[in-house]
Amino acid sequence: MSFASETRRRRTFAIISHPDAGKTTLTEKLLLFSGAIHIAGSVKARKASRHATSDWMEIEKQRGISVASSVMQMLYRDHVVNLLDTPGHKDFSEDTYRVLTAVDSALMVIDAANGVEAQTRRLIEVCRQRDTPILTFVNKMDREGRDPIALLDEIEQELGMPCVPMTWPVGQGKAFAGIINLRQKNMRLFKAGQDRVTDDEVVSLDQADALRARFGHDFEQAEQNIELLSEAAPAFDMEAFLAAKQTPVFFGSAVNNFGVQEVLDALVDLAPPPAPRQSTTRLVQPDEEAFSGVVFKVQANMDPAHRDRIAFVRVYSGRYTQGMKLKVQRTGKELRPTSVVTFLSQRREAVDEAYAGDIIGFTTHGGVQLGDTITEGEALQYTGLPFFAPELFQAVELANPMKSKQLQAGLMQLGEEGAIQVFRPHDGGAMLLGAVGQLQFEVVQHRLKAEYGVEVRLMPSRYVGARWVTADTPEELKKFTDASSAKLALDAADTLAYLMTSPYDLRLTQERHPKIHFHPLREHA
Ligand code: GDP
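This one's a predicted model, so the numbers in the text were calculated from it and none came from an experiment. (Residues numbered from 1 in each chain as written. Predicted model: local features only at pLDDT ≥ 70, side-chain atom pairs only at ≥ 80, totals over all residues. Heavy atoms only, no water.)

Colleague: Before we move on, could you go through the overall build of the protein and cite the residues and values that matter?
Modeller: Across its full length, the protein holds 13 helices and 33 strands. The long-range share in the protein, meaning contacts at least 24 apart out of those at least 6 apart in sequence, stands at 73%. Here the protein has roughly 21,900 Å² of accessible surface; of this, 51% comes from carbon and sulfur atoms. (Helix = DSSP H or I, 4+ residues; strand = E, 2+ residues; numbered from the N terminus. Contact = heavy atoms within 4.5 Å. Areas by Shrake-Rupley, 256 points an atom, 1.4 Å probe, with all protein chains shown as cover.)

Colleague: For the packing of aromatic side chains, give the residues involved together with the corresponding values.
Modeller: Following the criterion strictly, the structure yields 16 aromatic pairs and no others. Aromatic side chains Tyr97 and Phe388 sit 4.6 Å apart centroid to centroid with 50° between the ring planes, which places their arrangement in the tilted category. Taken together, the residues span a long stretch of sequence, with Tyr97 in helix α4 (residues 93–100) and Phe388 in strand β24 (residues 386–388) at a distance of 291 residues. Each ring, one from Tyr316 and one from Tyr382, has its centre 5.3 Å from the other, and the planes form 50°; the classification is tilted. With Tyr316 in strand β15 (residues 309–317) and Tyr382 in the loop between β23 (373–375) and β24, this pair connects stretches of sequence that are 66 residues apart. (Phe/Tyr/Trp six-rings, centres within 6.5 Å; stacked < 30°, edge-to-face > 60°.)

Colleague: I'd love a proper account of the environment of Pro19, names of residues and values included.
Modeller: Topologically, Pro19 is positioned in the loop between β1 (10–17) and α2 (23–34). Along the sequence, Pro19 and Lys140 sit 121 residues apart, while their C-alpha atoms lie 14 Å from each other.

Colleague: Describe the site of the ligand, naming the residues involved and giving the relevant values.
Modeller: Taken together, 19 residues surround the ligand, and among them Asp20, Thr24, Thr25, Asp142 and Ser253 come closest. Ser253 places a side-chain nitrogen or oxygen 2.7 Å from an oxygen atom of the ligand. Separating an oxygen atom of the ligand from a backbone N or O atom of Val255 is a distance of 3.4 Å. Protein contacts shield 84% of the accessible area of the ligand, which totals 570 Å² for the unbound molecule. Here the shell around the ligand takes 3 residues from α2, the largest share from any one element. Along the lines of polarity and charge, the residues of the shell around the ligand split into 4 nonpolar, 7 polar and 8 charged. (Near = heavy atom within 4 Å. Polar contact = N/O pair within 3.5 Å; in protein donor to acceptor, adjacent residues only side chain to side chain. Nonpolar A, V, L, I, M, F, W, Y, C, P; charged D, E, K, R; others polar.)

Colleague: Report on the state of the cysteines, specifying residues and quantitative values.
Modeller: Here the structure, examined in full by the defined rule, presents 0 disulfides. Cys127 carries a free sulfur, and the closest cysteine sulfur to it, the one in Cys163, is 14 Å from it. For Cys127, a relative accessible area of 1% gives the class buried. Cys163 sits in the buried class, given a relative accessible area of 1%. (Disulfide = S-S within 2.5 Å. Buried < 20%, exposed > 50% of the residue type's maximum accessible area, 1.4 Å probe, protein only.)

Colleague: Tell me about the sheet that holds strand β10 (residues 202–204), and name the residues and values.
Modeller: With antiparallel pairing, the 4 strands of this open sheet are ordered in space as β7-β8-β9-β10. Of all the strands in the sheet, the pair left with one neighbour each is β7 (167–170) and β10. Adjacent strand axes in the sheet meet at a mean angle of 25°, parallel and antiparallel pairs treated alike. In the sheet, β7 pairs with strand β8 (residues 178–181) via 4 bridges, with the strands oriented antiparallel. Note that in β8 the partner of Thr167 across the bridge is Asn181. (Pairing = 2+ DSSP bridges. Axes fitted to C-alpha atoms, helices over the stretch in contact; angles between N-to-C directions.)

Colleague: Any details on the pattern of salt bridges? Residues and values, ideally.
Modeller: Summed over the entire model, instances satisfying the criterion amount to 29 salt bridges. Its salt-bridge partner being Arg10, residue Glu6 comes within 2.7 Å of it at the nearest N-O pair. Look at Glu6 and you get buried, because its relative accessible area is 7%. Between Arg212 and Glu223 there is a salt bridge, with its nearest N and O atoms 2.8 Å apart. Where salt bridges share partners, they join Glu6, Arg9, Arg10, Asp78 and Asp358 into one cluster. (Salt bridge = Lys/Arg side-chain N within 4 Å of Asp/Glu carboxyl O.)

Colleague: Describe the sheet that holds strand β31 (residues 496–500), listing the residues and the values that go with them.
Modeller: Strand order in the open sheet formed by 8 strands is β28-β25-β27-β26-β30-β31-β29-β32, and the pairing between neighbours is antiparallel. The strands lining the two open edges of the sheet, one partner per strand, are β28 (456–460) and β32 (516–519). Along the sheet, successive strands turn relative to each other by an average axial angle of 40°, direction set aside. Sheet analysis places strand β29 (residues 465–471) next to β31, joined by 4 bridges and oriented antiparallel. Paired with Trp468 across the bridge in β31 is Ala497.

Colleague: Describe in detail unusual backbone geometry, supporting the description with residues and values.
Modeller: Phi angles above zero are rare outside glycine, and Asp20 is one such case at about 85°. By the secondary structure assignment, Asp20 is in the loop between β1 and α2.

Colleague: So what about the confidence of the model for the protein? Which residues, and what values?
Modeller: Per-residue confidence for the protein gives a mean pLDDT of 87, with 88% of residues at or over 70. Predicted confidence is poor over residues 45–57, with pLDDT under 50, and the contacts of this stretch with residues over four places away or in other chains come to 29 contacts. Taken together, the stretch residues 64–68 has pLDDT below 50 and engages in 11 contacts with residues farther than four places along the chain or on a different chain. Predicted complex, confidence summary: ipTM 0.99, pTM 0.85. (pLDDT = per-residue confidence, 0-100.)

Colleague: Give me the packing of α2 against helix α9 (residues 260–269): which residues, what numbers.
Modeller: Relative orientation of the contacting elements α2 and α9 amounts to 75°, with a least axis distance of 10 Å. Here α2 lies roughly perpendicular to α9, going by the angle between them. Mapping the contact onto sequence places Leu26, Lys29, Leu30, Phe33 and Ser34 in α2 and Val260, Gln261, Val263 and Leu264 in α9. Broken down by class, the residue content of the contact of α2 with α9 amounts to 6 nonpolar, 2 polar and 1 charged. (Parallel < 35°, antiparallel > 145°, perpendicular 65-115°, else oblique.)

Colleague: I'd like a rundown of the pairing of β1, residues and numbers included.
Modeller: Counting buried positions along β1 gives 8 out of 8 residues, so the element sits mostly inside the fold. The two faces of β1 match: Arg10, Thr12, Ala14 and Ile16 on one face and Arg11, Phe13, Ile15 and Ser17 on the other face are all buried. Where β1 lies against strand β3 (residues 79–84), 5 bridges are found, and the strand directions are parallel. Paired with Ala14 across the bridge in β3 is Leu84.

In structure tokens:
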């Protein structure tokens, strides 16, 4: 197969939702459906640790589990479908944002009873910023939930884009009778069950009379709603969907593996293949021959005896083949992985080849950071991997001063992984940790001890925020650094940041230094 056709048959998407909406269940059913797994329950098994508590064991478990399960590849209708999971806990939302930079579309799961929930809202924002096409799955139709029309209204409000129903439910809760496929003009009759795959009864709408007789009011109500929607809702428009200007909506019940095939088909038929990607120098086409990719996630090995890490790379162009020579553009050094894996459903396997859209994992002993561009040689640099200004700060105090070297090493690696942001104050003094969620501190403290043998105390800090700083000329920057030295620090990528003690502090500083730019978001360059 040519590069172009390999690229065209790939779909890479993330699945996003508020906890408990049914993301894990839907993931499992998608895998089951595509034949990637055969036993229901295997994704579920890891669920116990999903809602991270402050319990160390839980955190450890979650980390271990997420390596195996955060990327899954399946083959469906001769397409290679890459599914990226996103962390459930809001304290790790930064990871989620980065995962969203590595996909070409997103599948949003909504609980029919709860509608759009807090965390979904934040994820939607990120998708919107990047104009990521979103497919919507309204789950748990087998439970009493909200009226579907009202739900669509709400999704539309929250997303700020029209919803286009592709399927429509007949009945709900105990009376859930099935879904009407609006394009194929048929109704798939609901049957409860965990691991059914293709034994559904599908009835053509030509036999509407029979369906009306069988499902009575619920069917008539659905017919009326569809009639209403055909006037009120826009028709599905591929271009609008790809531009993130409308979302196709599907109804179903993940736990019953119902309405899932429609979603999988939509991923193949509607979701986009890998797109060209802008680098700092040029637009890179996915079917170019030379390999390029970006590290969007770094995960430390679970085994503390091995300091190796897996760098998750989203391939943007070309083909990866085993043993290929690759370069990390930031350092110009060769990437020397000890192993390179692909993620087939739940297993990790040595990768033979990978194309644009695929995710591969390089196991290395260091030398790679979040946001690194990896190529066969060309000096390409992709941008767009976001780091958010932390809002929580703690100062690191070493229990045993003799361990200062280990601490430096540990913090550097954890910083590179994106587990936390590390700031070195300009004027010296204790290192500062910056986080978006409180749980990140606990994880880092725990990991420093478990993996680097360093015990630290985390002390309160007076800072409440950070802004990355740039200026138009070196002179202006120098003037600013001289004046504000006590509040400046360098992060893990050596980018200068201003640490603020209050929003007022920031405002005042901005007024005093109108020529300095303060950025709440840093994109890896
Ligand atoms: P996640 O936190 O989004 O990954 O949610 P899970 O997939 O773990 O689902 C949360 C709960 O909802 C679990 O108890 C599931 O069994 C249940 N659930 C998932 N899908 C459905 C569904 O279609 N109907 C019903 N009634 N329950 C569901």
